[in-house]
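Listed below are the residues making up each chain.
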Amino acid sequence: MTDTPSRLNTGSHDLPVSPELSRFMAGDWAASALPGATRVPAHAVAPARRARLSALFPGERLIVPAGELRVRSNDCDHRFRPHSAYAWLTGLTGEDQVGHVLVMEPSGPHGHEAVLYLRPRSPRAGGNEEFYRDRRYGEFWVGRRPDLAEAERLTGIRCAHLDALGSPAGRVAGTDRDLTVALSELRLVKDAWEVEQLQLAVDHTAAGFEDVVRALPRALAHPRGERWIEGVFGLRARAEGNGTGYETIAASGAHACVLHWIRNDGRLSGDELLLLDAGVETDTLYTADITRTLPLSGRFSPVQRQVYELVLAAQDAGMAALRPGASFRDFHRAGMRVIAEGLAEWGVLKDAEGDLHRRYTLCSSGHMLGLDVHDCAKARAETYLDGVLEEGQVLTVEPGLYLQPDDETLPAELRGIGVRIEDDLVITADGARLMSGALPRTVAGIEEWMGQLLDAR
Ligand code: GLY
Ligand code: MN
Ligand code: MN
């Protein structure tokens, strides 16, 4: 038996290989080239993105790694997703991008040449056993990777073997502050292709919400109904796209007062609300981020409706404040004004002034959306939080009221109700377009929609 070469990623329980088997495995394989016309979906738009980055750093080498695997436990890794900046610049979005690096090499007085350093498909001949023995990179373990020529065709970028990368000096995305900021800010305005991808993510997400409503009878009967809902949405996300763009929040009753409730281990009760915050991430890695708060009985009770309609009014006010040139914070301020006034009207707050309403709203009410659910988070305040909206930006508007079950400032009937309504919008020349309008938002719209889906089962 041959020793396992140390460069192979094998498991302690993998069987040794005899010289005869090694020789046998090396031959008699038919050619299996990638179809010649295959291109990454962002093939046409990625060169302009690289040119915009290049213009910001003349004469400097820029290094953008796809990222490395993270151990989940023992010899098992988490599923890999390339870094968003790498995906944006290369169009490469697959799990096979582990360890790959894009280098923008200064070339000429101002520009750069992009070079992709990658681990090409390993040959099957010549004693290279990786293809059938390596659990991390082997073709027979994790699937086929392109060879260098195929990768060049896929991306339109010159490709080189990862082993040739060495340790070049330069700015590295993720550790170099200026490069990291630039890669966030360059992505603030989406091109038309990106808006299409985001619309696709939103449309699949709407289908996932419909799946959840249809599945409510099963979920209500299960001791961990929140998990059932997470699973139903996850099925849609995985079937239509890469998966969910973030961990699904399936929060029933007072769990909805926990902003990022992802334990999802609760039982559903027919007289409570369900807050579902979920998004499908496309194969191109763009994600939606939508929340609906639904009455599990199919009908809002009077007090549920009271809370819901205040959040809805806040969301309407926020969405009406979206237009190019408006300050990014305007929509949040508009929504929070409505909430504060509502709380004062209910007698929960003495008046609508100051920031005491934040005891019940907890977080800000929207963010940029794109390859990351909280997209462009490394942008400077002056270009994002303190900046103005621009045509082509995509963002969420997601006011909420989180009335904790043990909050003694609240009348008993309001305690334990959590409502968030979250939609995705793209800024247009004169306002904003609601991308997630396929899902109803009003009380009547939700009740009718739920009734139809449940009746049609
Ligand atoms: N689901 C996270 C958020 O809405 O921002
Ligand atoms: Mn959000
Ligand atoms: Mn959300």
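Residues numbered from 1 in each chain as written. Chains lettered and ligands numbered in written order. Predicted model: local features only at pLDDT ≥ 70, side-chain atom pairs only at ≥ 80, totals over all residues. Heavy atoms only, no water.

Broken down by element type, the protein carries 14 helices and 17 strands. When its C-alpha atoms are laid out on the principal axes, the protein stretches across 80 × 55 × 35 Å. Here the protein holds 457 residues, and the buried ones make up 50% of them. Considering only residue pairs separated by 6 or more positions, the protein has 71% of its internal contacts joining residues 24 or more positions apart. On the protein, roughly 20,800 Å² of surface is accessible, and the fraction owed to carbon and sulfur atoms is 52%. Taking the 50 positively charged and 66 negatively charged side chains of the protein as two groups, their mean positions are separated by 3 Å. (Helix = DSSP H or I, 4+ residues; strand = E, 2+ residues; numbered from the N terminus. Buried < 20%, exposed > 50% of the residue type's maximum accessible area, 1.4 Å probe, protein only. Contact = heavy atoms within 4.5 Å. Areas by Shrake-Rupley, 256 points an atom, 1.4 Å probe, with all protein chains shown as cover. Lys, Arg positive; Asp, Glu negative; His and termini not counted. Charge placed at Lys NZ, Arg CZ, Asp CG, Glu CD.)

Here we take up empty space enclosed by the protein. Under the definition given, this model contains 3 cavities of 30 Å³ or more. Put simply, the largest cavity is a space of about 60 Å³. Lining the largest cavity are Leu92, Asp96, Gln97, His100, Leu118, Arg119, Arg145, Pro146, Ala151 and Leu154. For the lining of the largest cavity, the class distribution of residues is 5 nonpolar, 2 polar and 3 charged. Considered as a void within the structure, the second largest cavity measures approximately 40 Å³ in volume. Considering the residues around the second largest cavity, the lining is formed by Ala42, Arg49, Ala87, Gly91, Thr93, Trp193, Thr284, Tyr286 and Leu371. In the lining of the second largest cavity, the residues fall into 5 nonpolar, 3 polar and 1 charged. (1 Å grid on protein atoms, 1.4 Å probe; cavity = no way out; pocket = protein on both sides within 12 Å on 5 of 7 lines; lining within 4 Å. Points joined across faces, edges and corners; volume = space filled by probe spheres on them. Nonpolar A, V, L, I, M, F, W, Y, C, P; charged D, E, K, R; others polar.)

A separate point is the pattern of salt bridges. Evaluated as defined, the whole model comprises 39 salt bridges. Arginine 420 is the partner of aspartate 277 in a salt bridge, and the nearest nitrogen-oxygen pair spans 2.9 Å. Here the residue aspartate 277 occupies a position in strand E10 (residues 273-278), and arginine 420 occupies one in strand E15 (residues 417-420), the gap between them amounting to 143 residues. Judged by its relative accessible area of 5%, aspartate 277 is buried. As a salt-bridge pair, arginine 292 and aspartate 423 come within 2.8 Å of each other at their nearest N and O atoms. Of this pair, arginine 292 sits in strand E12 (residues 290-295) while aspartate 423 sits in strand E16 (residues 423-427); the two residues are 131 residues apart in sequence, bridging distant segments of the chain. Among the residues examined, arginine 292 registers a relative accessible area of 0% and is labelled buried. On the basis of relative accessible area, aspartate 423 is assigned to the buried category, the value being 0%. (Salt bridge = Lys/Arg side-chain N within 4 Å of Asp/Glu carboxyl O.)

Glancing now at the site of ligand 1. Around ligand 1 sit Tyr246, His260, Asp277, Asp289, His367, His374, Glu398 and Glu422, and those are all the residues in its vicinity. In the model, a nitrogen atom of ligand 1 is placed 3.0 Å from a nitrogen or oxygen of the aspartate 277 side chain. For ligand 1, whose unbound accessible area comes to 190 Å², protein coverage reaches 92%. Residues of the shell around ligand 1, tallied by class, amount to 1 nonpolar, 3 polar and 4 charged. (Near = heavy atom within 4 Å. Polar contact = N/O pair within 3.5 Å; in protein donor to acceptor, adjacent residues only side chain to side chain.)

Think of it this way: four donors in a tetrahedron around the metal ideally sit 109.5 degrees apart, and six in an octahedron ideally sit 90 or 180 degrees apart. The manganese ion (ligand 3) binds to the protein through Asp277 (OD), Asp277 (OD), Asp289 (OD) and Glu422 (OE), with metal-donor distances spanning 2.0 to 2.3 Å. Coordination at the manganese ion (ligand 3) is irregular: its 6 donor atoms span angles of 58 to 167° at the metal. Taken in chain order, the donor set of the manganese ion (ligand 3) reads D-x11-D-x132-E. The distance between the manganese ion (ligand 3) and the manganese ion (ligand 2) comes to 3.3 Å, and aspartate 289 binds to both of them. Of the two residues, aspartate 277 is situated in strand E10 and aspartate 289 in the loop between strand E11 (280-281) and E12; the sequence distance between them amounts to 12 residues. Each member of the pair, aspartate 277 together with aspartate 289, is buried. (Donors = N, O, S within 2.8 Å, 3.2 Å for Na, K, Ca; no water. Tetrahedral: all angles 85-135°; square planar, octahedral: opposite > 155°, others 65-115°.)

Honestly, it's all geometry; don't read function into it.
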